[in-house]
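The primary structure of each chain is shown beneath.
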Amino acid sequence: MVRDFLDFNDLTMAQWDRIFNLADDIYENPAKYADHCKNKILATLFYEPSTRTQLSFQSAMLKLGGSVIGFSGVGGSSVSKGESLKDTIKIVSGYADIIAIRHPKAGSAFAASLYASVPVINAGDGVHLHPTQTLLDLFTIGKYKNKKFTGLNIGICGDLLNGRTVHSLLRAFSMYRGNNFYLISNPDFKVPEKYLKALQTGNQIFTCEAIDECIDGLDIIYMTRLQKERLVSLDGVPFETAGYDMNLILDHTKLAKAKSDLMILHPLPKNNEIEASIDDDERALYFKQAELGVYIRMALLIILLENNTNRTSAEIQREEAEIRCENPNCILNDDDDTSNLPLLVNVNAGDACAYCEVEA
Ligand code: NCD
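Values in this document were obtained by computation on a predicted structure and should not be read as measured data. The written sequence of each chain sets the order in which its residues are numbered from 1. Under the rules for a predicted model, residues below a pLDDT of 70 receive no local features and side-chain atom pairs below 80 are neither given nor counted, while totals for whole chains, interfaces and linings still include all residues. Values reported for side chains reflect all heavy atoms of the structure, with hydrogen atoms and water molecules removed beforehand.

Novice: Explain the overall build of the protein to me, please; I cannot follow it from the model alone.
Specialist: Scanning the protein for helices and strands turns up 10 helices and 11 strands. Only C-alpha atoms enter the radius of gyration, while the globule expectation follows 2.2 Å times N to the 0.38, with N the number of residues. The globule rule puts the C-alpha radius of gyration for 360 residues at 21 Å, and the 20 Å found for the protein is close to it. Seen through its C-alpha atoms, the protein measures out along the principal axes to roughly 55 × 50 × 40 Å. Per-residue burial for the protein yields a buried fraction of 56% across its 360 residues. Throughout, a contact is declared for two residues whenever any of their heavy atoms are within 4.5 Å. The long-range share in the protein, meaning contacts at least 24 apart out of those at least 6 apart in sequence, stands at 72%. Areas reported as accessible are Shrake-Rupley estimates using a 1.4 Å probe. Residue values count occlusion only from the protein chains shown. Carbon and sulfur atoms make up 49% of the accessible area of the protein, which totals about 15,000 Å². The numbering of helices and of strands both runs from the N terminus, where a helix is a DSSP run of H or I of at least 4 residues and a strand a run of E of at least 2. Here the term buried applies to any residue with accessible area under 20% of the maximum for its type, exposed to any over 50%, and partly exposed to those in between, with areas from a 1.4 Å probe on protein chains only.

Novice: Is there a simple way to explain the packing of aromatic side chains in this structure?
Specialist: Aromatic ring pairs are reported here in terms of the distance separating the ring centres and the angle at which the planes meet. Whether two aromatic rings pair depends on their centres lying within 6.5 Å, for rings of Phe, Tyr and Trp, where Trp uses its six-membered ring; planes under 30 degrees apart make the pair stacked, over 60 edge-to-face, and the rest tilted. Inspection of the entire model under this criterion finds 12 aromatic pairs. Considering the side-chain rings of F5 and F8, the 6.1 Å spacing of their centres and the 80° angle between planes classify their relative orientation as edge-to-face. One aromatic cluster is present, built from ring pairs that chain together F5, F8, W16, F149, F173, Y176 and F181. In this arrangement the basic side chain of R297 is found over the ring face of F57, its NZ or CZ atom lying 4.9 Å from the centre. Here, over-ring charges are defined by two tests on the NZ atom of lysine or the CZ atom of arginine: distance to the ring centre within 6 Å, and angle to the ring normal within 35 degrees.

Novice: So what exactly am I meant to see when it comes to the environment of L231 here?
Specialist: Among the secondary structure elements, L231 is positioned in helix α7 (residues 228-231). With 69 residues separating them in the primary sequence, L231 and N162 have C-alpha atoms 8.5 Å apart.

Novice: Where do I start with the site of the ligand in this structure?
Specialist: In the vicinity of the ligand, the contacting residues are T53, R102, H130, Q133, R164, T165, R225, Q227, P267, L268 and P269. Contacts to the ligand include T53, whose side-chain N or O atom sits 2.8 Å from an oxygen atom. Think of a polar contact as two N or O atoms within 3.5 Å of one another; within protein, one of them needs to be a possible hydrogen donor and the other a possible acceptor, and neighboring residues in sequence only count if both atoms come from side chains. R225 places a side-chain nitrogen or oxygen 2.7 Å from an oxygen atom of the ligand. Relative to its unbound accessible surface of 310 Å², the ligand loses 93% to contact with the protein. Proximity is defined per residue: any heavy atom of the residue falling within 4 Å of a molecule or strand makes that residue near it.

Novice: I would appreciate a short explanation of the sheet that holds strand β4 (residues 120-125) in the present structure.
Specialist: Sheets are built from strands paired through backbone hydrogen bonds, the pairs being either parallel or antiparallel. Strands sit in the order β2-β1-β3-β4 across an open sheet of 4 strands; the sheet is parallel. The strands lining the two open edges of the sheet, one partner per strand, are β2 (67-72) and β4. Put simply, the sheet's adjacent strands are angled 10° from each other on average, direction ignored. Pairing between strands requires that DSSP locate at least two bridges from one strand to the other. Two elements, strand β1 (residues 41-46) and strand β3 (residues 98-103), share 5 bridges in a ladder whose sense is parallel. When the sheet's bridge partners are listed, A43 is paired in β3 with I99. Only the stretch in contact is used when a helix axis is fitted, and all axes are lines through C-alpha atoms; the angle between N-to-C directions ranges over 0 to 180 degrees. Each of β1, β2, β3 and β4 is contacted by helix α2 (residues 52-63), which is oriented at about 175° to β1, the strand it contacts most.

Novice: Where do I start with helix α4 (residues 108-115) in this structure?
Specialist: For the α-helix, the turn length of 3.6 residues means that residues three or four positions removed from each other point alike. The buried count for α4 comes to 7 of 8 residues, which makes it a mostly enclosed element. Those residues of α4 that sit buried are S108, A109, F110, A111, A112, S113 and Y115.

Novice: How should the pattern of salt bridges be read in this particular structure?
Specialist: Opposite charge on two side chains allows them to pair when their charged atoms are near. Salt bridges are counted wherever a side-chain nitrogen of Lys or Arg sits within 4 Å of a carboxyl oxygen of Asp or Glu. Inspection of every chain in the model, using the stated rule, returns 18 salt bridges. Here D24 and K147 are joined by a salt bridge, their closest N and O atoms 2.6 Å apart. Separated by 123 residues along the polypeptide, D24 in helix α1 (residues 13-28) and K147 in the loop between α5 (131-144) and β5 (153-157) bring together distant segments of the chain. Of the residues examined, D24 reaches a relative accessible area of 16% and is grouped as buried.

Novice: Looking at this structure, I do not really get the environment of T338. What am I missing?
Specialist: Locating T338 in the fold gives a position in the loop between β10 (318-320) and β11 (344-346). Since its relative accessible area comes to 2%, T338 is described here as buried. Put simply, T338 and A111 are 227 residues apart on the chain and 8.2 Å apart in space, counted from C-alpha to C-alpha. When residues no more than four places from it in sequence are discounted, the contact partners of T338 are Y115, R324, I331 and L332.

Novice: Hey, could you run me through α2 in this one?
Specialist: For a helix, the expected span equals 1.5 Å multiplied by the number of residues minus one. In this model, α2 (12 residues) spans 16 Å end to end at C-alpha, consistent with the 16 Å of a helix rising 1.5 Å per residue. Of all the residues in α2, the buried ones are T53, Q54, S56, F57, A60 and M61. The elements touched by buried residues of α2 are β1, β2, β3, β4, α5 and α9 (286-305). Phi turns positive one or two residues past the end of α2, at G65, with a value near 85°.

Novice: I tried to follow the packing of α5 against helix α6 (residues 164-173) on my own but got confused; where do I start?
Specialist: For any two helices packed against each other, the geometry comes down to the angle between their axes and how far apart the axes lie. Here α5 crosses α6 at 60°, and the two axes come no closer than 8 Å. Taken together, the axes of α5 and α6 are oblique relative to one another. Once α5 is placed against α6, the crossing between them reads as right-handed. Packed against α5, whose contacting residues are P131, Q133, T134, D137, L138 and I141, the element α6 presents T165, S168, L169, A172 and F173 at the interface. Partitioning the contact of α5 with α6 into residue classes produces 6 nonpolar, 4 polar and 1 charged. Any angle that is under 35 degrees is reported as roughly parallel, and any over 145 degrees as roughly antiparallel; angles of 65 to 115 degrees are reported as roughly perpendicular and all others as oblique. In this scheme, a crossing is called left-handed if the near helix is turned counterclockwise away from the far one by less than a right angle; it is called right-handed if the turn is clockwise. Throughout, the ten residues Ala, Val, Leu, Ile, Met, Phe, Trp, Tyr, Cys and Pro are labelled nonpolar, Asp, Glu, Lys and Arg are labelled charged, and all others, Gly among them, are labelled polar.

Below is the structure:
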């Protein structure tokens with residue numbers, strides 16, 4: 001098992017299964033685990049807003065008998081006084097046994113893992129990845145599809161460019177074969193190619209601009225909101241023209257054409273991309289999906305805390321780079337303090353920066 005949980009695909013499928021099976025057991029027998037993390041402390045360092053991820057991590061640790069410290073927004077922490085990521089992580093490593101971090105820069109969780117002496121969990125790093133959301137997405141799909149992750153027609157709709165939950169989910173699905181993906185978005189909001197490369201082997205990928213083009217055949221539709229907070233910093237995409245059109249909103253008329261066992265998923269929070277009354281449809285599983293997040297995060301905390309590995313497997317596969325990453329949203333370009341981070345490339349992804357995966 002890796003020390004940190006940064007990218008879902010750092011784990012082998014046997015390790016995914018171990019987490020899923022443990023989460024199943026915790027879900028069935030929660031009392032058995034009530035003291036499992038007694039005397040352990042989780043630090044939740046949330047530099048960006050969160051309801052579900054932060055509270056479900058906290059709830060997970062409390063249900064395991066442990067304790068929680070942390071901050072929610074940088075306003076109440078020394079980050080607002082100019083403290084660097086490095087200093088914060090070094091300090092918190094002395095206060096907690098495990099850290100869950102959410103940060104606006106891509107690669108920030110990986111950077112934190114290089115500074116930390118305790119395991120680090122990526123709870124969302126900018127527009128990059130959100131692997132614990134993928135854990136709960138797959139856990140939910142497994143529960144409703146009898147653990148069958150092949151032969152599915154999967155629609156993914158919304159802001160596929162900036163949605164980190166989409167990036168992580170597609171990458172995870174590249175480990176399976178025989179699925180059809182319908183990527184439904186405005187042409188300006190398509191999935192970056194790098195998240196599709198591995199998925200192309202053994203799966204079919206279709207691009208759509210309207211839910212109506214594919215809703216009738218789908219087994220799953222994964223809805224996402226427009227990531228408005230990312231657009232302000234996105235060069236060349238004026239916010240006003242980047243809106244949704246009706247073709248990307250799931251309403252009753254479109255849902256009437258769908259299968260009776262369609263799973264409607266959403267990482268939440270949702271805005272207007274799902275008509276509000278659909279919440280009452282039995283196919284709307286997003287609230288259940290969020291609830292299951294507690295059990296899967298309990299399983300993850302148990303497994304990472306019981307393991308004594310010192311390095312991440314991901315780190316071992318990285319090599320020194322000569323060129324500095326130019327992506328302004330990469331942690332390498334965050335502030336002067338991160339200029340001490342090693343310059344690394346991802347060996348498995350050509351010359352891509354190992355932090356944000358943008359090609360040099
Ligand atoms: C997602 C995120 O933060 O990326 N939320 C979550 O963690 N459940 C999705 C989003 O904010 O749209």
